[in-house]
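Fold and geometry: a report
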Amino acid sequence: MAPIFTESKKIDTYARTGVLHTRAGDVLTPTFMPDGTRGAVKGLTPQQVINTGVEVVLANTYHLHLNPGEQIIKKLGGLHKFANRRGPMLTDSGGFQVFSLDSHAKVTEEGVRFKDPINGDIRMITPEKSMQIQLDLGADMIVAFDHLIGLKDAKPEDVKDAFDRTHRWLERCIVEFKRLTNSMKDRPLLFGVVQGGLDIQLRKKSLGIIQASDVDGIAIGGLSVGETREEMAIVLEALAPLYDPERPRFLLGVGTPEDLRIAVENGIDMLDCVLPTRNARHSSVWGTNDVRITLTNEKYKEDKDPIEVGCDCYTSANGFSRAFLRHQFKSGDPLAGTLASIHNLRYMMRICEGYRLFTAPATIS
Ligand SMILES: [Zn+2]
């Protein structure tokens, strides 16, 4: 098989740039991947997403499995065709939503049993089922099904139990993935998930197990689930020297511009989060130096400036004023959320592109 990741340059001790090779095209790293929860980034056309510099969109297995169902999407030609999306797509394992949306989800060795929020049916996702759903959806990068637990007040024995189960489930994922892809000419990439909570020794051990497994990429799971930024940074710093240089590293569900920098400077190549677009739809955008701007604020009523002077996104570069955006938000026009989302995604991509150019990123002088 052709190389999966080509490292172009180390920026400093751990940060790096490179090219991730997928069956749907190459991706320059570091890269930020917005969440297209139900197949599309909310409020944005695929072209608007591409115009922000975004190269990969993440779709949620859990939501698409429940509605409209992977069989319908498969019948309609797969996720790319269904969502009219050119370029690589990644699906998560479905685990995060199962654990975060159903407080009564029950974990057994077989898998996770949960209640369908639409019709109340009892459903089950197993490691094998997660592989089947993601392959039916037709994603270019897929993630192994792991056992996630919240870090707040987690007992050490629960962390260890989830840690051990994650690795047992990974073996089942790999067997099923191979069974389903061995006749494919161009198969998707499989990411194994590192767990271990905030326990550094468990995290290092988990990374060792994942890197010894037959996976294409390394995903870091179980962060951004209630711990502080400092606690997250300590875990990432501990793992940074230990990565295999030939495999991409993906930090799941993170985060803000500050988190993005911490991650990239600790060797992470790819991140996804719903935050930039969710915040934008709620009128919260980032300005120079990561300052949070709430566009509905009274003080922007007569503000002629764009969200960020000098930003090259469609919204800022075309001079949509803070006053206009405030008016649109106040009027309930979804255009405001679209224009704000475009800016926030571009803000994240500018940070990534700054690293690729080996210059100090993110701020406009
Ligand atoms: Zn902008």
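Placed above this text is the structure.
Residues numbered from 1 in each chain as written. Predicted model: local features only at pLDDT ≥ 70, side-chain atom pairs only at ≥ 80, totals over all residues. Heavy atoms only, no water.

To continue, consider the coordination of the zinc ion. The coordination sphere of the zinc ion contains the protein donors Cys311 (SG), Cys313 (SG), Ser316 (OG) and His343 (ND1), at a distance range of 2.1 to 2.4 Å. Note that the zinc ion binds four donor atoms; their angles at the metal cover 99 to 120°, and the shape is tetrahedral. Between the donor residues of the zinc ion, the gaps in sequence give the motif C-x1-C-x2-S-x26-H. One end of the pair, Ser316, is in helix 12 (residues 314-317); the other, His343, is in helix 14 (residues 334-356), and 27 residues separate them in sequence. Neither residue differs from the other here; Ser316 and His343 are each classed as buried. (Donors = N, O, S within 2.8 Å, 3.2 Å for Na, K, Ca; no water. Tetrahedral: all angles 85-135°; square planar, octahedral: opposite > 155°, others 65-115°. Helix = DSSP H or I, 4+ residues; strand = E, 2+ residues; numbered from the N terminus. Buried < 20%, exposed > 50% of the residue type's maximum accessible area, 1.4 Å probe, protein only.)

Neither face of strand 14 (residues 270-273) is exposed, since Met270 and Asp272 on one face and Leu271 and Cys273 on the opposite face are all buried. Inspection of the sheet shows strand 4 (residues 31-34) paired to strand 14 by four bridges, in the parallel sense. For Thr31, the partnering residue across the bridge sits in strand 14 and is Met270. In this structure, strand 13 (residues 249-251) lies alongside strand 14, joined through two bridges in parallel fashion. (Pairing = 2+ DSSP bridges.)

Counting 66 residues, the largest nonpolar core has Phe32, Ile218, Ile220, Leu236, Leu251, Ile268 and Leu271 as its most contacted members. For this core, the element with the most residues is helix 14, which contributes eight residues. Beyond its immediate chain neighbours, meaning those up to four positions away, Ile268 contacts Pro30, Ile220, Leu236, Tyr243, Arg249, Leu251 and Ala263. Ranked by size, the runner-up nonpolar core spans 17 residues in total, among them Leu20, Leu90, Leu252 and Met270. (Core = buried A, V, L, I, M, F, W, Y, C linked by side-chain atoms within 4.5 Å. Contact = heavy atoms within 4.5 Å.)

Let us look at the packing of helix 8 (residues 200-211) against helix 9 (residues 229-239). As a packed pair, helix 8 and helix 9 sit with axes 10 Å apart at the nearest point and diverge in direction by 45°. The orientation of helix 8 with respect to helix 9, classified from their angle, is oblique. For the element pair helix 8 and helix 9, the recorded crossing hand is right-handed. Contacts between helix 8 and helix 9 pair Ile200, Arg203, Lys204 and Leu207 from the former with Ile234, Val235, Ala238 and Leu239 from the latter. A per-class count over the contact of helix 8 with helix 9 returns six nonpolar, no polar and two charged. (Axes fitted to C-alpha atoms, helices over the stretch in contact; angles between N-to-C directions. Parallel < 35°, antiparallel > 145°, perpendicular 65-115°, else oblique. Left-handed = near helix turned anticlockwise from the far one by under 90°. Nonpolar A, V, L, I, M, F, W, Y, C, P; charged D, E, K, R; others polar.)

Glancing now at the state of the cysteines. The tally for this structure, following the rule as stated, stands at zero disulfides. The thiol sulfur of Cys352 is not disulfide-bonded, and the nearest other cysteine sulfur, from Cys273, lies at 13 Å. (Disulfide = S-S within 2.5 Å.)

So, about the layout of surface pockets. In this structure, the largest pocket encloses a volume near 700 Å³. Among the secondary structure elements, those contributing two or more residues to the lining of the largest pocket are helix 5 (95-101), strand 14 and helix 11 (275-281). Counting residues per element, the lining of the largest pocket draws most heavily on helix 5, which supplies five residues. Of the residues in the lining of the largest pocket, the class split is twelve nonpolar, 17 polar and nine charged. (1 Å grid on protein atoms, 1.4 Å probe; cavity = no way out; pocket = protein on both sides within 12 Å on 5 of 7 lines; lining within 4 Å. Points joined across faces, edges and corners; volume = space filled by probe spheres on them.)

Our focus in this paragraph is the sheet that holds strand 9 (residues 122-125). Pairing is antiparallel across the open sheet formed by three strands, whose spatial order is 7-8-9. Both outer strands of the open sheet, strand 7 (106-107) and strand 9, are each paired with one neighbouring strand and no more. One ladder, built from two bridges, connects strand 7 with strand 8 (residues 112-115); its direction is antiparallel. In the strand pairing of strand 8, Val107 is matched with Val112.

Our next topic: the sheet that holds strand 1 (residues 5-10). Judged by pairing direction, the sheet is antiparallel, and its three strands sit side by side in the order 1-2-3 without closing on themselves. A single partner strand is all that each edge strand has here, and the edge strands are strand 1 and strand 3 (25-29). Across this sheet, the average inter-strand angle for adjacent strands is 15°, counted without regard to direction. Here strand 2 (residues 16-22) pairs with strand 3 via five bridges, running antiparallel. Opposite Leu20, over in strand 3, you have Val27 as the bridge partner.

Geometric values such as these leave the question of function open.
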